[in-house]
Amino acid sequence: MLEHVPHWLGSALKGLRAGSGKLAIVQPELGTFESLHLASPAFANGARMPERFTADGEGVSPPLFWTGVPEGTECLVLIVEDPDAPAPQPLVHAVVWGLPVEGDLKEGAIRADGAGSPDGKDVGRNSYFGEGWLPPDPPTGHGAHHYAFQLFALGPCPDPGNNPGRGAIVKAMAGRVLAAGLLTGIYSRGEESPVGPVGASVPA
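A brief structural summary. (Residues numbered from 1 in each chain as written. Predicted model: local features only at pLDDT ≥ 70, side-chain atom pairs only at ≥ 80, totals over all residues. Heavy atoms only, no water.)

## So, the sheet that holds strand β7 (residues 104-105)
At step 1: As summarised here, the arrangement of the three strands in space is β2-β4-β7, forming an open sheet in which the pairing is antiparallel. Edge strands, defined here as strands with exactly one partner in the open sheet, are β2 (37-39) and β7.
At step 2: Bridging between strand β4 (residues 64-67) and β7 involves two bridges; their strand directions are antiparallel. Residue pairing for β7: Phe65 is matched across the bridge by Asp104. (Pairing = 2+ DSSP bridges. Helix = DSSP H or I, 4+ residues; strand = E, 2+ residues; numbered from the N terminus.)

## Considerations on the side chain of Gln150
At step 1: Tracing the backbone through its elements, the reader meets Gln150 in strand β9 (residues 145-154).
At step 2: Polar contacts involving the side chain of Gln150 include one to the main-chain amide nitrogen of Ala24, which spans 3.3 Å.
At step 3: Only 2.8 Å separates the side chain of Gln150 from the backbone nitrogen of Ile25, close enough to count as a polar contact.
At step 4: Non-local contacts of Gln150, meaning those with residues more than four positions away in its chain, are made with Leu23, Ala24, Ile25, Leu38, Val77, Leu78, Ile79, Glu81, Gly181 and Leu182. (Polar contact = N/O pair within 3.5 Å; in protein donor to acceptor, adjacent residues only side chain to side chain. Contact = heavy atoms within 4.5 Å.)

## Brief notes about the packing of aromatic side chains
At step 1: According to the stated counting rule, one finds two aromatic pairs in the structure shown.
At step 2: Pairing Phe43 with Phe149 gives two aromatic rings, centres 5.9 Å apart and planes at 50 degrees, and the pair type is tilted. Here Phe43, found in the loop between β2 and β3 (47-48), pairs with Phe149, found in strand β9; they are 106 residues apart in sequence, far enough to count as distant. Comparing Phe43 with Phe149, the two get one shared label, buried.
At step 3: A relative accessible area of 0% means that Phe149 is categorised as buried.
At step 4: A network of ring pairs unites the aromatic residues Phe43, Trp133 and Phe149 as a single cluster. (Phe/Tyr/Trp six-rings, centres within 6.5 Å; stacked < 30°, edge-to-face > 60°. Buried < 20%, exposed > 50% of the residue type's maximum accessible area, 1.4 Å probe, protein only.)

## Things to note about the side chain of Asp137
At step 1: If you trace the backbone, Asp137 turns up in the loop between β8 (122-123) and β9.
At step 2: A relative accessible area of 14% means that Asp137 is categorised as buried.
At step 3: Side-chain polar atoms of Asp137 contact the side chain of Arg189, separated by 2.8 Å.

## A few points about the pattern of salt bridges
At step 1: On inspection of all chains with the given rule, the structure shows six salt bridges.
At step 2: Where Arg52 meets Glu58, a salt bridge forms, and the shortest distance between an N and an O atom there is 3.4 Å.
At step 3: Overall, Arg52 belongs to the partly exposed group, its relative accessible area being 29%.
At step 4: The exposure class of Glu58 is exposed, given its relative accessible area of 54%.
At step 5: Among the ionic pairs, Asp56 bridges to Arg189, the shortest N-O distance being 2.9 Å. Of this pair, Asp56 sits in the loop between β3 and β4 while Arg189 sits in the loop between β10 (177-187) and β11 (192-194), and the two are 133 residues apart along the sequence.
At step 6: Salt bridges here are not isolated pairs; linked through shared partners, they connect Arg52, Glu58 and Glu107. (Salt bridge = Lys/Arg side-chain N within 4 Å of Asp/Glu carboxyl O.)

These values are about where atoms sit, not about what they do.
Structure follows, in structure tokens:
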């Protein structure tokens, strides 16, 4: 949808961004916690996300895996946000509640699941009020957008209700986070992006 925003308008809005200080992982009500390792076999931390995971490609969710989950963890929660969205709050791209402590997420696994699965996993609502993965769709010319994949390890695992949104998730996690991990993928439109040999680039 936002691929139709004119380049000049996206460039004019470059200074308008929600800000990384509003990401879930830095909210004070979550307290202090240890770190865990979150990664993807599809892209490195701080690297450009492949097009297939965005609105310019197939729009499926990327594969993820994690290690270093602390003892005492009962469930994991994933929140994916874009703090560079030209909005008052980061744009929520995915919410997944009740992930298994030992496991991973396969490509395309973040999709609508109604009231959730029997094993306790429940895909919640993104910023467009739909369940599942909201593919990155930054305005053309707005610059690089940093997609923050935030994984939280919880001790006691409360019930946030069916199809929870970001607000309900953060409220339910308050005081229960044992550890968290952060993976950042980058995507942009109408920008120079490095590819191939060092120094080579093509328009994004």
